[in-house]
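Examining the three-dimensional arrangement
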Amino acid sequence: MYDNNPTLENIAKTVDPNKQGSVLETYSNDDSNKKFYIESYGCAMNFSDSEIVASILAQEGYGSTSQLEEADLILVNTCSIREKAEDTVRKRLSVFNKVKEEKPGTLVGVLGCMAERLKKKLLDQEKLVDIVVGPDAYRDLPKLIHGAEDGERGVNVLLSREETYADISPLRLDTNGICGFISIMRGCDNMCSFCVVPFTRGRERSRDAFSIVAEAQDLYDQGYRDVTLLGQNVDSYKWENPDTGKTVSFADLLVMVAGVHPDLRIRFSTSHPKDITDEVLYAIRDYENICKYIHLPVQSGNSRILELMNRTYDREWYDAKVKRIYEIVPDCTISSDIICGFCSETEEEHQDTLDVIRKSKYSLSYMFYYSERPGTMAARKYEDDVPLEVKKRRLNEVIALQMQVAHDHNKADIGKTFKVLIEGDSKRSDKDFKGRTSQFKVVVFPKTENLKKGDYVDVKIKEVTSSTLIGEIVKAG
Ligand code: 5AD
Ligand code: SF4
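Residues numbered from 1 in each chain as written. Chains lettered and ligands numbered in written order. Predicted model: local features only at pLDDT ≥ 70, side-chain atom pairs only at ≥ 80, totals over all residues. Heavy atoms only, no water.

With respect to the overall build of the protein chain
To keep it simple, the criterion reads: Put simply, DSSP marks the helices as runs of H or I at least four residues long and the strands as runs of E at least two long, and each gets a number from the N terminus on. We compute the radius of gyration from the C-alpha atoms alone; for a globule the expected value is 2.2 Å times N to the 0.38, where N is the number of residues. Accessible area is worked out with a 1.4 Å probe on protein chains only. A residue is then buried under 20% of its type maximum, exposed over 50%, and partly exposed in between. In this description, contact between two residues means that some pair of their heavy atoms is separated by no more than 4.5 Å. All accessible areas in this document rest on Shrake-Rupley with a 1.4 Å probe, and a residue is counted as covered only by the protein chains that are shown. Residues counted as positive are Lys and Arg, residues counted as negative are Asp and Glu, and His and the chain ends are not counted. The atoms used to mark charge sites are NZ of Lys, CZ of Arg, CG of Asp and CD of Glu.
When helices and strands are counted, the protein chain shows 13 helices and 22 strands. Against the globule reference of 23 Å for 477 residues, the protein chain gives a C-alpha radius of gyration of 22 Å, in line with a compact fold. Oriented by its inertia axes, the alpha-carbon framework of the protein chain measures out at about 65 × 60 × 50 Å. When burial is assessed residue by residue, the protein chain has 60% of its 477 residues classed as buried. Within the protein chain, counting contacts between residues at least 6 apart in sequence, those at least 24 apart form 72% of the total. Surface exposure of the protein chain reaches about 19100 Å², of which carbon and sulfur atoms provide 49%. Charged side chains in the protein chain number 66 positive and 78 negative. The centres of these two groups are separated by 2 Å.

Observations regarding the environment of Met367
With respect to the helices and strands, the residue Met367 is situated in strand 17 (residues 364–369). Residue Met367 is classed as buried on the basis of its relative accessible area of 0%. The spatial distance from the C-alpha of Met367 to the C-alpha of Ile328 is 27 Å, given a sequence separation of 39 residues.

Overview of the packing of aromatic side chains
Condition: Put simply, two rings from Phe, Tyr or Trp (the six-membered ring, in Trp's case) pair if the centres are within 6.5 Å, and we call them stacked under 30 degrees between planes, edge-to-face over 60, tilted for the rest. Note on criteria: charge over ring means Lys NZ or Arg CZ within 6 Å of the ring centre, with the direction from the centre no more than 35 degrees off the ring normal.
A complete count under the given rule lists 10 aromatic pairs for this structure. Ring centres of Tyr313 and Tyr318 lie 6.0 Å apart, and the angle between their planes is 35°; on these two criteria the pair is classed as tilted. Centre to centre, the rings of Phe342 and Tyr370 are 4.9 Å apart; their planes meet at 75°, and the pair counts as edge-to-face. Within this pair, whereas Phe342 is found in the loop between strand 16 (333–340) and helix 11 (347–360), its partner Tyr370 is found in the loop between strand 17 and helix 12 (377–381), the two being separated by 28 residues in sequence. Taking the relative accessible area as the measure of exposure, Phe342 reaches 0% and is therefore buried. Taking relative accessible area as the criterion, Tyr370 reaches 3% and is therefore assigned buried. Clustering of aromatic rings is evident, with ring pairs tying together Phe194, Phe342, Tyr370 and Tyr382. Against the face of Phe368 rests Arg82, its NZ or CZ located 3.7 Å from the ring centre. The ring of Tyr456 carries the charged tip of Lys419 above its face, separated from the ring centre by 4.5 Å.

Observations regarding the nonpolar core
As a reminder, the rule being used: Among buried residues, those of type Ala, Val, Leu, Ile, Met, Phe, Trp, Tyr and Cys that are joined through side-chain atoms within 4.5 Å constitute a nonpolar core. In this document the domain limits rely on a domain assignment from an automatic tool or a database.
Among the nonpolar cores identified, the biggest contains 57 residues, and Ile184, Leu229, Tyr237, Phe250, Leu253 and Phe268 are the most heavily contacted of them. For this core, the two domains that each supply at least three residues are domain 2 (176–271) and domain 3 (292–408). Non-local contacts of Phe250, meaning those with residues more than four positions away in its chain, are made with Ile184, Leu229, Val234, Asp235, Tyr237, Phe268 and Val280.

Focus on a negative patch on the surface
As a reminder of what qualifies: Every patch collects residues that have over 30% relative accessible area and no salt bridge, joining them within 9 Å if they carry like charges and within 5 Å if they are nonpolar side chains (Val, Leu, Ile, Met, Phe, Trp, Tyr). Any Lys or Arg side-chain nitrogen located within 4 Å of an Asp or Glu carboxyl oxygen qualifies as a salt bridge.
On the surface, a cluster of negative charge is contributed by Glu69, Glu70, Glu101 and Glu102. Along the chain, Glu69 turns up in the loop between strand 3 (63–64) and strand 4 (73–78). The class of Glu69 is exposed, set by a relative accessible area of 52%.

Here's the deal with the layout of surface pockets
Stated formally: A cavity here means a set of points on a 1 Å grid, drawn over the protein atoms and nothing else, where a 1.4 Å probe fits but cannot get out; a pocket is an open set with protein on both sides within 12 Å along at least five of seven lines, and a residue lines either one if it has an atom within 4 Å of a point. Grid points are joined across faces, edges and corners, and a volume is the space filled by probe spheres set on the points. Put simply, Ala, Val, Leu, Ile, Met, Phe, Trp, Tyr, Cys and Pro go in the nonpolar bin, Asp, Glu, Lys and Arg in the charged bin, and everything else, Gly too, in the polar bin.
In this model, the second largest pocket occupies a volume close to 330 Å³. The wall of the second largest pocket is formed by 19 residues, among which Lys361, His409, Ala412, Asp413 and Lys441 lie closest to the centre. The element contributing the most residues to the lining of the second largest pocket is helix 13 (residues 388–411), with five residues. Taken together, the residues that form the lining of the second largest pocket break down as seven nonpolar, five polar and seven charged.

Considerations on the packing of helix 10 (residues 315–328) against helix 11
Note the following rule: Inter-axis angles, ranging from 0 to 180 degrees, are taken between N-to-C directions of lines fitted to C-alpha atoms, where helices are fitted over the stretch in contact. Our angle categories are set so that under 35 degrees counts as roughly parallel, over 145 as roughly antiparallel, 65 to 115 as roughly perpendicular, and the remainder as oblique. Note: crossing handedness is left-handed where the near helix turns anticlockwise from the far helix by less than a right angle, and right-handed where it turns clockwise.
Orientation of helix 10 relative to helix 11, taken along the N-to-C sense of each, is 15°, at an axis distance of 11 Å. It follows that helix 10 is roughly parallel to helix 11 by the angle criterion. Note on packing geometry: the crossing formed by helix 10 with helix 11 is right-handed. When helix 10 is examined against helix 11, the residues Arg315, Tyr318, Asp319, Val322 and Tyr326 are found in contact with a partner set consisting of Asp352, Asp355, Val356, Lys359 and Ser360. Its residues assigned to classes, the contact of helix 10 with helix 11 comprises four nonpolar, one polar and five charged.

Some points on the domain arrangement of the protein chain
Where interface size is given, it is often the accessible area lost as the parts come together that is meant. The cut-off we apply is this: Put simply, buried area is the surface a 1.4 Å probe can reach on two separate parts but cannot reach once they are joined, added for both.
As assigned here, the protein chain comprises domain 1 (13–156), domain 2 (176–271), domain 3 (292–408) and domain 4 (417–476). Spacing between the C-alpha centres of domain 2 and domain 3 amounts to 25 Å. Taken together, the contact pairs 12 residues of domain 2 with 21 residues of domain 3. The contact between domain 2 and domain 3 buries some 1200 Å² in all, and 63% of this surface belongs to carbon and sulfur atoms.

Looking at the sheet that holds strand 18 (residues 417–425)
Just so we agree on the cut-off: Only when DSSP finds a minimum of two bridges between them are two strands counted as paired.
Strand order in this closed barrel of five strands is 18-19-20-22-21, and the pairing throughout is mixed. The sheet shows a mean angle of 55° between the axes of neighbouring strands, taken without regard to direction. Summarising the sheet, strand 18 and strand 21 (residues 456–464) pair through five bridges and their orientation is antiparallel. Residue pairing for strand 21: Lys419 is matched across the bridge by Asp458.

Some thoughts on unusual backbone geometry
A cis amide bond links Ser269 to the next residue, Thr270, at an omega of 10°. Assignment of secondary structure puts Thr270 in the loop between strand 14 (265–269) and helix 8 (278–286). The backbone of Ser344 shows a phi angle near 70°, a positive value even though the residue is not glycine. Note on placement: Ser344 falls in the loop between strand 16 and helix 11. The partly exposed category is assigned to Ser344, whose relative accessible area is 26%. The phi angle at Asn450 is positive, at roughly 65°, despite the residue not being glycine.

Here it is as structure tokens:
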């Protein structure tokens, strides 16, 4: 999980957010004549958006396929967060174009964050794609596809202040049937100086709280037991009920979703340290099924760099937040995102980042070296002056320390018993199950009769690595 590959809001998730790309397929509509193939890159939000796109396409009679060659429509849901993410997508586009040469009439479409950024280039100069659709324009896909079938190049990258796709029931893709994602808001109003997201995904808007609860209920009814509420900055979720005029805060929403069923675990991501409130912490403490896990990206451990990053908190504020979390929810784990080698970062400032990892005791971090993104405040105002070798060396130091901190964190779990939700077979052996604790730690343990994925078991931890707890069932159900 430690890499600098395409990923955006790296929520810790069951679909590995850091993997290079994922082909999504869950259903196959054999009656349909047309088939689409979709690959998703980047954050959980993108994966979740692909499920909305799949739903829109299904209504148009499209079935999905995981075979490129079979597809009439090839879509790639893209990420712009780092240069490398964009490079990967470009490589994939040239592969798709080869497929197209073999099978004329196949349409290639670019969705997501790169669409907004590179529409002109992709359509006109490079002629790589037929359709370009930004994150707020997926409802327009059918129209654009019809146009493209008639030889028109279809583009819609308009960003919206209202679109939340609240009424679209996502078609679950690439799923284990236990863990699902619910998008609760879109866009971001924070202007972190390094980040391209506010430009590619537009202004922040929150989705109707009742439609979120209904989606959680639907997932529960389908057998899901773990839902993650997704947003670039979930703590600023705010929705006004038009009937009562009352505002639903994120803490209120958590409690509403937790009420769906005590067996449905609720997670959320991402929290901005400046916005997470005590009310949210109390909700986590008071509801057993709201998971004891917070993704609280620090980005840097140094106050000067945090100011340049426009994170709007300093190191002291961050430390105090972490302290507050452990005070109110002592068994909570915290994870983070870290950027190494931001503009003008000195060795001493880098040491502060190592220090914040130690002090915060992260169970997990997603770590990157800084990649300048055109159009961002940092690209306009600051020089990207830390040499690549230095960025990489600092990143390696951060990764090594995080692994050690995670290992120590896991060692402290030896001898403890955790309630684990079974997610399926372990990767290494079908004699073992893999599951997760409320704290989002992966647990592997020998299977016993009569247990299946979706069940809860109590597992006592015997051994650990830096990424996994290994244990034995002490009580089923
Ligand atoms: N360079 C490197 N990492 C970045 N991130 C966002 N923008 C950049 C960038 N320009 C990281 C941040 C963010 C995570 C999703 O990606 O750590 O929290
Ligand atoms: Fe980017 Fe900052 Fe918004 Fe996260 S909070 S999406 S890092 S601008």
